[in-house]
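# Fold and geometry: a report
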Amino acid sequence: MQNYRPFSGLTPAVKVLLIINVAMWLAAIAAQKMFHIDLDHLLGLHLPQSSYWGIWQYVTHMFMHASVSPYGHIEFTHIFFNMFALFMFGRILETVWGSKRFLIFYFVCGIGAGVLNSLVGWFETKEMYEQYARFMASPNPTLLSDFALAQLGSPAGWVWETIDAWINNPTSEEYIAAGRQIFQRIIDLKVNVPMIGASGAIFGILLAFGMLFPNTELFLMFIPIPIKAKYAVIGYGLLELFLGMRNAAGDNVAHFAHLGGMLFGFLLIKWWNRRSKRFY
């Protein structure tokens, strides 16, 4: 590692992954701008409860990267940071493992991230439907307000207008019906938001780097001192666990998918280790 040149040549598998990801990002932009087709929605991973769910999405979501924002702006940061991490750390792992084993690891981490995200999403959706059942049994604006705040953080103005009007007319059948529609709409919104990006696979790569080269010093953004890879990986894992458990309203990052990539990567490395005397 002493003579390692960070911008030396690419390894074959990393090169292919970079090309596919960038090509899909450009294709998603073109499809949205020219044909109004949202490839991020079609190929992103939906929860199994969603009518948009498809088994193939456990693979395709890894190649989609929020190409166009809801306001029509081209998004660049998501794909940039994922591909930069793949470029920096992926080629080192591919050099150690070889292309075949590296690709197996990459896809296991990415698919595993989707599986854990679906599992966590199933429990969260189950809880939302339980709240909806309680609301349907006794509809009132306070329950709707609390649910909207917990799920959306800052709901649209028309939601608050309906809630305020309902508070002033608590027995109004019109507002009770509108409240039920809003509650269901929020659930549909949460259930039908797809997970996209290679972050699960990338977090698996970061974990693998920390396990193979634990004492390699890294310079992380916003931290002016070098940190050993093993501590950086542990810190990332704990941060993602905290943010995932916190589940703040308006947080659209799939923290448990990141943890899923790390978990499946850890288990795969341990399994390889048991079957070989070399550190794989």
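Model, not experiment: these values are computed from the prediction. (Residues numbered from 1 in each chain as written. Predicted model: local features only at pLDDT ≥ 70, side-chain atom pairs only at ≥ 80, totals over all residues. Heavy atoms only, no water.)

## Points about the packing of helix α1 (residues 12-35) against helix α5 (residues 99-137)
Put simply, the rule reads: Fitted lines through C-alpha atoms give the axes, limited to the stretch in contact for helices. The angle between two N-to-C directions lies from 0 to 180 degrees. Strands are runs of DSSP state E lasting at least two residues, helices are runs of H or I lasting at least four, and both sets are numbered from the N terminus onward. Geometric relationships in this document are graded by angle, where less than 35 degrees denotes roughly parallel, more than 145 denotes roughly antiparallel, 65 to 115 denotes roughly perpendicular, and other angles denote oblique. Two residues form a contact once any of their heavy atoms are found within 4.5 Å. Each residue gets one of three labels, nonpolar for Ala, Val, Leu, Ile, Met, Phe, Trp, Tyr, Cys and Pro, charged for Asp, Glu, Lys and Arg, and polar for the others, Gly among them.
Across the interface, α1 lies against α5 with an axial gap of 9 Å and an inter-helix angle of 45°. It follows that α1 is oblique to α5 by the angle criterion. Contacts between α1 and α5 involve Pro12, Ala13, Val14, Leu17 and Asn21 from the first element and Ser99, Phe102, Leu103 and Tyr106 from the second. Classifying every residue of the contact of α1 with α5 gives seven nonpolar, two polar and no charged.

## Thoughts on unusual backbone geometry
Quick note on the threshold: Partly exposed residues are those whose accessible area sits between 20% and 50% of the maximum for their type, while under 20% is buried and over 50% is exposed, using a 1.4 Å probe and protein chains only.
In the Ramachandran plot, histidine 36 falls in the positive-phi region, its phi being about 60° despite a non-glycine side chain. As for its position among the elements, histidine 36 is in the loop between α1 and α2 (39-43). The class for histidine 36 is exposed, based on a relative accessible area of 66%.

## Some details on the environment of isoleucine 202
Structurally, isoleucine 202 can be placed in helix α9 (residues 199-212). The residues contacting isoleucine 202, other than those within four sequence positions of it, are Asn82, Ala85 and Leu86.

## Observations concerning the side chain of glutamine 57
Along the chain, the position of glutamine 57 falls in helix α3 (residues 57-60). Once residues within four sequence positions are removed from consideration, glutamine 57 is found in contact with Leu42, Leu43, Gly44, Leu45, His46 and Tyr52.

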